[in-house]
Amino acid sequence: MQMYDMPDERGHFGPFGGVFVAETLVEALEELRVMYEKYRHDPEFLAEFAYDLKHFVGRPSPIYHAKRLSDKVGGAQIYLKREDLNHTGAHKINNTIGQALLAKRMGKPRVIAETGAGQHGVATATIAARLGLECVVYMGAEDVKRQAPNVFRMKLLGATVVPVESGSKTLKDALNEAMRDWVTNISNTFYIIGTVAGPHPYPMMVRDFQAVIGIEAKDQMQEMIGRQPDAIVACVGGGSNAMGIFYPYIDVEGVRLIGVEAGGHGLSTGQHAAPLTANSPIGVLHGNRTYLMQDEDGNIIETHSISAGLDYPGVGPEHAWLKDIKRAEYVAITDEEAMTAFHNLCRTEGIIPAMESSHALAHAEKLAKTMSPDQVVLVNLSGRGDKDINTVARLANITL
Amino acid sequence: MSRIQSVFATLKAQGKKALIPYITAGDPHPDHTVPLLHALVEAGADMIELGVPFSDPMADGPVIQRASERALVHKMGLRKVLGMVKEFRASNQTTPIVLMGYANPIEAMGSSQFVALAKEAGVDGVLTVDYPPEECESFNQELASADIDSIFLLSPTTEPSRTELIVKQATGFLYYVSLKGVTGAANLDIVEVKKRVAEIRQQTSLPIGVGFGVKDAATAREVAAIADAVVVGSRMVLAIESSDATNLIANVQALTKELRTAIDSV
């Protein structure tokens, strides 16, 4: 079998990816591409990254056999890759450490980030504090209101949080605003993108920094069950936790890779954030070509998901490619299904999952039911749900 | 000779520089756009950049983004923009129109259909902000075969080797972005612009327009002394934003005349 080797040198995954930015950003991206090429295989850089993942994040994150959940569901055994146990409570920290270490080597004293639910903003503010970098986080004004605890966490960590009032006032607008900051402050600023989207080299670089999830899982599964799982399930907004666990498995035959998008109120309502599952057209946004939720004029339409972290109209270009070559499958889970899975995990396993990860759990339950008890489904539990308790309470009409 | 080339040739013969105002199609309302185009010409515009509204205008500052949002309220899409150009062309066959916008609306329509409709409407040039030359070779060829000019941006951070690549694909004129930032950002540094424009001239004989930071008549004059064309966007859109239906045309014409006088005083 031919080894998977993507993207090409200009960041293309087949027809997807690339560098679609204004000329004002081209040189900055070129500088980043060259520096990342220089350090991605540099033993000293990788050692420093590995040290922080171990001592600052607490890696490796364990894999846990959710036995009571598996029994309750009936069917395949469900295992969880516990990214929720990382420092700051999600997989996002893996990538921010990698990029912040690169920023330091590039001599950039200031980092900026976009954030939706606030997890990537918190992870960026965290590593910026640890490395003594100035940090500015752009967040849609709507999200600032919805995610007040994370806004406060970022401020505690010394970051400046800028509410973005333009457009739909959510994640995509925060990304636009961060790009504008970057183009204006290119000489002293490093833009830490939180997902496997954006212009090259971001989708590749973020994937590489998150691949530690899948690399660990391969060893851990071998150790725990003496083989690899039959299926791996992960939620997909931009798609960084999914790429992180999928990537090391792309060349492993017999392991199904399943990405779970946010089905919102249901695909038929149009109110969702599932461009792959809904067969959205291909387009160009945020520096890359991918499947995009858009209207007939090519304007990006507003998405809906109960989970702010999945509420994005596009998807990382490598997921678009994996879908087209049929190496990964993509499905959607509705708000309601995710909520049910959320409560299931809380009650049967004593783990409060992030709303994002609850989408993956919901599909894993569906899938496990169709499989036999000697088969294994590995779910990437990408984050913990403490940040979501206000949302869950509000849905149940409970005032905290 | 294309309409864009002929405008630059005529101005050069007269020892004058081009004034290129930018407005967003459909701002503040689609009914105003064609009258505004004619009013700009009457007040002294040599060429017009017509913005195609987009939901996520990443390279634009807040002023032009607001213009896009105002236009999108009225469902102002690329198809309607082309209709406006066609309507303008019915009574004006001399003033070039350059469409400025983002890649996605063009890809949503399909590039060949866009090129065919743009040609039919009488579009003279296309500037697609997020299509760097590496990503749009076939689109460029389609434009070229329809005799539509491909306008490219050059920025303060563009290295000479890259300028070489861009000037090979560019036709009509080059658009030098006068500052590091988005449209309508901080004041431009005229000394730096002068130096860069001189460097670019070493690599191309195409006319050079300068924009992104031209905020008033004084700056327009300084830029006109250096460049072949002065592009005024955010300032023009601000004039539209601060007007109502009764004084819109008058305010935009007053600003255009002021800029024209400044540019001609060089």
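Now for a look at the structure at hand. (Residues numbered from 1 in each chain as written. Chains lettered and ligands numbered in written order. Predicted model: local features only at pLDDT ≥ 70, side-chain atom pairs only at ≥ 80, totals over all residues. Heavy atoms only, no water.)

1. Examining unusual backbone geometry
Note the cis peptide between A:Met6 and A:Pro7, where omega equals 5 degrees. With respect to the secondary-structure elements, A:Pro7 resides in the segment before β1 (12-13). For the bond from B:Asp27 to B:Pro28, the omega torsion is 0 degrees, close enough to zero to count as cis. You can see B:Pro28 is positioned in the loop between β1 (18-24) and α2 (30-43). Of note, the phi angle at A:His286 is positive, near 50 degrees, even though the residue is not glycine. One can find A:His286 in the loop between β11 (282-285) and β12 (287-291). Classification of A:His286 by relative accessible area gives buried; the value is 2%. One non-glycine residue, B:Asp147, lies in the positive phi region at around 55 degrees. With respect to the secondary-structure elements, B:Asp147 resides in the loop between α7 (137-145) and β5 (149-150). (Helix = DSSP H or I, 4+ residues; strand = E, 2+ residues; numbered from the N terminus. Buried < 20%, exposed > 50% of the residue type's maximum accessible area, 1.4 Å probe, protein only.)

2. Comments concerning the interface of chain B and chain A
Across the contact, 38 residues belong to chain B and 32 residues belong to chain A. Between the two partners, chain B and chain A, sit 18 residue pairs in polar contact (both at pLDDT 80 or more). For the side of chain B that touches chain A, the secondary structure elements donating two or more residues are α3 (62-73), α5 (103-109), β6 (152-154) and α8 (160-169) of chain B. Per-element tally for the side of chain B that touches chain A: the top contributor is α5(B), with 5 residues. Partitioned by chemical class, the residues of the side of chain B that touches chain A number 19 nonpolar, 8 polar and 11 charged. (Contact = heavy atoms within 4.5 Å. Polar contact = N/O pair within 3.5 Å; in protein donor to acceptor, adjacent residues only side chain to side chain. Nonpolar A, V, L, I, M, F, W, Y, C, P; charged D, E, K, R; others polar.)

3. Observations concerning the packing of helix α1 (residues 23-39) of chain A against helix α8 (residues 171-184) of chain A
Residue and element names in this part refer to chain A. Following both chains from N to C, one finds α1 and α8 inclined at 80 degrees, their axes separated by 9 Å at the closest point. By the angle between their directions, the pair α1 and α8 is classed as roughly perpendicular. Of α8, the residues touching α1 (which contributes Thr-24, Leu-25, Ala-28 and Leu-29) are Met-179, Trp-182 and Val-183. Tallied by class, residues from the contact of α1 with α8 come to 6 nonpolar, 1 polar and no charged. (Axes fitted to C-alpha atoms, helices over the stretch in contact; angles between N-to-C directions. Parallel < 35°, antiparallel > 145°, perpendicular 65-115°, else oblique.)

4. Some thoughts on the pattern of salt bridges
A side chain of one charge can pair with a side chain of the opposite charge when the charged atoms of the two come close. All names here are of chain A. A full pass over the atoms with the stated rule returns 41 salt bridges over all chains. We note a salt bridge from Asp-181 to Arg-110, for which the minimum N-O separation is 2.8 Å. Remark: Arg-110 occurs in strand β5 (residues 110-115) and Asp-181 occurs in helix α8; sequence separation between them is 71 residues. Comparing Asp-181 with Arg-110 shows no difference in burial state: the two are buried. When the shortest N-O distance is used, the salt bridge between Lys-387 and Glu-356 registers 2.8 Å. Taken as a pair, Lys-387 in the loop between β14 (376-381) and α15 (389-395) and Glu-356 in helix α14 (residues 355-369) lie far apart in primary sequence, 31 residues in all. Overall, Lys-387 belongs to the buried group, its relative accessible area being 14%. For Glu-356, a relative accessible area of 9% translates into the label buried. (Salt bridge = Lys/Arg side-chain N within 4 Å of Asp/Glu carboxyl O.)

So yeah, pure geometry; function would need other evidence.
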